[in-house]
Amino acid sequence: MRLGVLGSGKGSNFVAIADAISSGRVAAEVALVVSDVADAGILAHARDRAIPWIHLPPGKFRTKLDDEAEAALIAALVEARVDLVVLAGYMRILKGELLRRFEGRVVNIHPSLLPSFPGLAAWKQALDYGVKVTGCTVHLVDQGIDTGPILAQRAVEVLDGDTASSLHERIQKAERELYPAVVASLARGEIHARGRVTGGFAG
Ligand code: GRF
(Lines give C-alpha, C1' and ligand atoms only; values in the text may rest on other atoms or scores of the structure.)
Protein backbone atom coordinates (compact mmCIF):
# COMPACT_ATOMS: atom_id res chain seq x y z
CA MET A 1 0.00 0.00 0.00
CA ARG A 2 1.45 3.35 -1.03
CA LEU A 3 0.87 6.19 1.41
CA GLY A 4 0.68 9.91 0.75
CA VAL A 5 1.20 11.64 4.10
CA LEU A 6 0.01 15.25 4.47
CA GLY A 7 1.08 17.40 7.41
CA SER A 8 1.61 21.00 8.47
CA GLY A 9 3.49 20.55 11.74
CA LYS A 10 6.20 18.71 13.55
CA GLY A 11 5.41 15.32 12.05
CA SER A 12 5.51 13.00 15.07
CA ASN A 13 2.70 10.85 13.67
CA PHE A 14 4.51 10.59 10.34
CA VAL A 15 7.70 9.54 12.16
CA ALA A 16 5.77 6.86 14.09
CA ILE A 17 4.32 5.49 10.84
CA ALA A 18 7.66 5.65 8.99
CA ASP A 19 9.40 3.87 11.90
CA ALA A 20 6.70 1.19 11.99
CA ILE A 21 7.19 0.63 8.27
CA SER A 22 11.00 0.42 8.65
CA SER A 23 10.69 -2.14 11.42
CA GLY A 24 8.31 -4.29 9.37
CA ARG A 25 5.20 -3.66 11.50
CA VAL A 26 3.33 -1.92 8.66
CA ALA A 27 3.22 -3.42 5.17
CA ALA A 28 3.22 -0.10 3.36
CA GLU A 29 5.52 2.44 1.81
CA VAL A 30 5.46 6.21 2.15
CA ALA A 31 5.36 7.28 -1.49
CA LEU A 32 5.17 11.02 -0.81
CA VAL A 33 5.06 13.53 2.04
CA VAL A 34 3.30 16.83 1.31
CA SER A 35 3.14 19.97 3.42
CA ASP A 36 1.54 23.36 2.96
CA VAL A 37 4.19 24.81 5.31
CA ALA A 38 7.68 25.21 3.82
CA ASP A 39 9.59 24.81 7.10
CA ALA A 40 7.35 22.16 8.69
CA GLY A 41 9.14 19.53 10.77
CA ILE A 42 7.39 16.79 8.81
CA LEU A 43 9.32 17.78 5.67
CA ALA A 44 12.63 17.72 7.55
CA HIS A 45 11.82 14.21 8.80
CA ALA A 46 10.99 13.09 5.25
CA ARG A 47 14.26 14.56 4.00
CA ASP A 48 16.23 12.79 6.77
CA ARG A 49 14.64 9.48 5.76
CA ALA A 50 15.16 10.05 2.02
CA ILE A 51 11.41 9.86 1.48
CA PRO A 52 10.09 11.94 -1.46
CA TRP A 53 8.53 15.19 -0.24
CA ILE A 54 7.11 18.39 -1.63
CA HIS A 55 6.01 21.74 -0.28
CA LEU A 56 2.75 22.74 -1.91
CA PRO A 57 1.70 26.32 -1.14
CA PRO A 58 -2.02 26.38 -0.30
CA GLY A 59 -3.00 29.40 -2.36
CA LYS A 60 -5.13 32.33 -1.36
CA PHE A 61 -7.24 30.94 1.52
CA ARG A 62 -6.35 30.58 5.19
CA THR A 63 -8.04 27.29 6.07
CA LYS A 64 -8.44 25.45 2.79
CA LEU A 65 -6.69 24.95 -0.52
CA ASP A 66 -7.69 27.01 -3.51
CA ASP A 67 -8.68 25.11 -6.67
CA GLU A 68 -5.25 25.39 -8.21
CA ALA A 69 -3.49 24.12 -5.09
CA GLU A 70 -5.95 21.24 -4.74
CA ALA A 71 -5.41 20.26 -8.38
CA ALA A 72 -1.63 20.32 -7.82
CA LEU A 73 -2.02 18.16 -4.70
CA ILE A 74 -4.18 15.60 -6.51
CA ALA A 75 -1.73 15.50 -9.41
CA ALA A 76 1.18 14.89 -7.03
CA LEU A 77 -0.65 12.09 -5.20
CA VAL A 78 -1.73 10.44 -8.45
CA GLU A 79 1.75 10.76 -9.90
CA ALA A 80 3.16 9.07 -6.76
CA ARG A 81 0.56 6.29 -7.20
CA VAL A 82 -0.81 6.85 -3.70
CA ASP A 83 -3.40 4.33 -2.47
CA LEU A 84 -4.13 5.88 0.92
CA VAL A 85 -3.97 9.55 1.89
CA VAL A 86 -2.88 9.85 5.54
CA LEU A 87 -3.56 13.20 7.19
CA ALA A 88 -1.08 13.73 10.01
CA GLY A 89 -1.62 17.20 11.40
CA TYR A 90 -2.61 18.71 8.05
CA MET A 91 -4.23 22.04 8.89
CA ARG A 92 -6.20 22.53 5.66
CA ILE A 93 -9.80 21.45 5.26
CA LEU A 94 -10.22 19.07 2.33
CA LYS A 95 -13.70 19.15 0.87
CA GLY A 96 -13.72 19.05 -2.84
CA GLU A 97 -12.25 17.11 -5.71
CA LEU A 98 -9.57 15.37 -3.63
CA LEU A 99 -12.18 13.57 -1.52
CA ARG A 100 -14.05 12.50 -4.64
CA ARG A 101 -10.85 11.30 -6.27
CA PHE A 102 -9.73 9.35 -3.18
CA GLU A 103 -13.16 8.44 -1.88
CA GLY A 104 -12.99 6.25 1.24
CA ARG A 105 -9.19 6.39 1.07
CA VAL A 106 -8.40 9.47 3.17
CA VAL A 107 -7.78 8.98 6.91
CA ASN A 108 -7.15 11.46 9.69
CA ILE A 109 -6.14 11.33 13.34
CA HIS A 110 -7.83 13.66 15.79
CA PRO A 111 -6.79 14.27 19.40
CA SER A 112 -10.12 13.48 21.13
CA LEU A 113 -12.69 10.73 21.32
CA LEU A 114 -14.93 11.91 18.49
CA PRO A 115 -17.68 12.95 18.19
CA SER A 116 -16.65 14.87 21.32
CA PHE A 117 -14.47 17.91 20.78
CA PRO A 118 -14.02 18.26 17.02
CA GLY A 119 -12.00 21.22 15.77
CA LEU A 120 -8.91 22.92 17.12
CA ALA A 121 -7.01 22.17 20.37
CA ALA A 122 -9.29 19.25 21.22
CA TRP A 123 -7.20 18.29 24.27
CA LYS A 124 -7.78 21.78 25.70
CA GLN A 125 -11.49 21.57 24.95
CA ALA A 126 -11.58 18.25 26.87
CA LEU A 127 -9.67 19.70 29.83
CA ASP A 128 -11.82 22.83 29.97
CA TYR A 129 -15.00 20.75 29.80
CA GLY A 130 -13.81 18.57 32.66
CA VAL A 131 -14.15 15.12 31.10
CA LYS A 132 -12.29 12.34 32.91
CA VAL A 133 -11.44 10.36 29.79
CA THR A 134 -10.45 11.64 26.38
CA GLY A 135 -8.17 10.14 23.74
CA CYS A 136 -7.64 10.01 20.01
CA THR A 137 -9.60 8.86 16.99
CA VAL A 138 -8.64 7.66 13.53
CA HIS A 139 -11.44 8.24 11.06
CA LEU A 140 -12.18 8.38 7.38
CA VAL A 141 -12.36 11.94 6.11
CA ASP A 142 -15.63 13.23 4.71
CA GLN A 143 -16.89 16.72 3.86
CA GLY A 144 -17.36 17.74 7.50
CA ILE A 145 -14.82 18.77 10.11
CA ASP A 146 -13.73 15.65 12.04
CA THR A 147 -17.03 13.92 11.21
CA GLY A 148 -16.13 10.93 9.02
CA PRO A 149 -16.73 7.29 9.96
CA ILE A 150 -14.64 6.17 12.94
CA LEU A 151 -12.06 3.43 12.33
CA ALA A 152 -10.38 3.18 15.74
CA GLN A 153 -10.05 4.99 19.06
CA ARG A 154 -7.71 4.94 22.03
CA ALA A 155 -8.77 6.27 25.44
CA VAL A 156 -6.51 8.47 27.58
CA GLU A 157 -7.35 9.26 31.18
CA VAL A 158 -7.43 12.91 32.28
CA LEU A 159 -5.40 13.15 35.50
CA ASP A 160 -6.10 15.56 38.36
CA GLY A 161 -2.95 17.63 37.90
CA ASP A 162 -3.09 17.72 34.10
CA THR A 163 -2.30 20.89 32.20
CA ALA A 164 -3.19 21.34 28.55
CA SER A 165 0.37 20.41 27.60
CA SER A 166 0.70 17.32 29.83
CA LEU A 167 -2.62 15.98 28.55
CA HIS A 168 -1.69 16.79 24.95
CA GLU A 169 1.58 14.93 25.37
CA ARG A 170 -0.15 11.75 26.61
CA ILE A 171 -2.70 11.94 23.81
CA GLN A 172 0.08 12.30 21.26
CA LYS A 173 1.82 9.26 22.74
CA ALA A 174 -1.41 7.30 22.24
CA GLU A 175 -1.65 8.65 18.68
CA ARG A 176 1.84 7.38 17.88
CA GLU A 177 0.71 3.88 18.86
CA LEU A 178 -2.76 3.98 17.33
CA TYR A 179 -2.07 5.52 13.91
CA PRO A 180 0.59 3.01 12.75
CA ALA A 181 -1.59 0.14 14.03
CA VAL A 182 -4.57 1.40 12.04
CA VAL A 183 -2.51 1.92 8.89
CA ALA A 184 -1.17 -1.63 9.33
CA SER A 185 -4.72 -2.98 9.57
CA LEU A 186 -5.83 -0.96 6.55
CA ALA A 187 -2.86 -2.31 4.57
CA ARG A 188 -3.97 -5.83 5.50
CA GLY A 189 -7.54 -4.98 4.45
CA GLU A 190 -8.81 -5.70 7.96
CA ILE A 191 -10.59 -2.51 8.98
CA HIS A 192 -13.92 -1.37 7.75
CA ALA A 193 -15.93 1.56 9.04
CA ARG A 194 -19.22 0.74 10.67
CA GLY A 195 -22.26 2.83 9.83
CA ARG A 196 -23.06 5.75 12.06
CA VAL A 197 -26.40 6.60 13.57
CA THR A 198 -27.06 9.98 12.06
CA GLY A 199 -30.83 10.31 12.42
CA GLY A 200 -32.76 10.69 15.69
CA PHE A 201 -33.95 7.49 17.31
CA ALA A 202 -36.19 6.73 20.25
CA GLY A 203 -34.86 5.29 23.48
C1 GRF B 1 -1.81 15.43 16.08
O2 GRF B 1 -1.93 15.64 17.46
C3 GRF B 1 -3.12 15.09 15.44
O4 GRF B 1 -4.07 14.62 16.35
C5 GRF B 1 -3.61 16.41 14.90
O6 GRF B 1 -2.45 17.09 14.55
C7 GRF B 1 -1.37 16.68 15.37
C8 GRF B 1 -0.18 16.45 14.49
O9 GRF B 1 0.98 16.27 15.21
N10 GRF B 1 -4.52 16.17 13.81
P11 GRF B 1 2.30 15.80 14.49
O12 GRF B 1 2.64 16.83 13.44
O13 GRF B 1 2.04 14.45 13.89
O14 GRF B 1 3.34 15.75 15.56
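This text goes with the structure placed above it.
A short tour of the structure in this document, coming up.

Analysis parameters
- Residues numbered from 1 in each chain as written.
- Predicted model: local features only at pLDDT ≥ 70, side-chain atom pairs only at ≥ 80, totals over all residues.
- Heavy atoms only, no water.
- Helix = DSSP H or I, 4+ residues; strand = E, 2+ residues; numbered from the N terminus.
- Rg over C-alpha atoms; globule rule 2.2 N^0.38 Å.
- Buried < 20%, exposed > 50% of the residue type's maximum accessible area, 1.4 Å probe, protein only.
- Contact = heavy atoms within 4.5 Å.
- Areas by Shrake-Rupley, 256 points an atom, 1.4 Å probe, with all protein chains shown as cover.
- Lys, Arg positive; Asp, Glu negative; His and termini not counted.
- Charge placed at Lys NZ, Arg CZ, Asp CG, Glu CD.
- Phe/Tyr/Trp six-rings, centres within 6.5 Å; stacked < 30°, edge-to-face > 60°.
- Lys NZ or Arg CZ within 6 Å of the ring centre and 35° of its normal.

1. Looking at the overall build of the chain
Check the secondary structure of the chain and you find six helices and seven strands. Counting helices and strands in the order they occur from the N terminus, the chain gives β-α-β-α-β-α-β-α-β-α-β-β-α. At 17 Å, the chain has a C-alpha radius of gyration in line with the 17 Å of a compact globule built from 203 residues. The dimensions of the chain, computed from C-alpha atoms along their principal axes, are 45 × 40 × 35 Å. When each of the 203 residues of the chain is scored for burial, the buried share is 48%. For the chain, long-range pairs separated by at least 24 residues make up 62% of all intrachain contacts whose partners lie at least 6 apart in sequence. A total accessible area of about 10,400 Å² is found for the chain, and carbon and sulfur atoms account for 54% of it. For the chain, the centre of its 23 positive side-chain charges and the centre of its 23 negative side-chain charges are spaced 2 Å apart.

2. Describing the packing of aromatic side chains
Summed over all chains, the structure comprises one aromatic pair. Between the NZ or CZ atom of Arg47 and the centre of the ring of Trp53, over which it lies, the distance is 4.7 Å. Above the face of the Phe61 ring, Lys64 is positioned so that its terminal group lies 4.5 Å from the ring centre.

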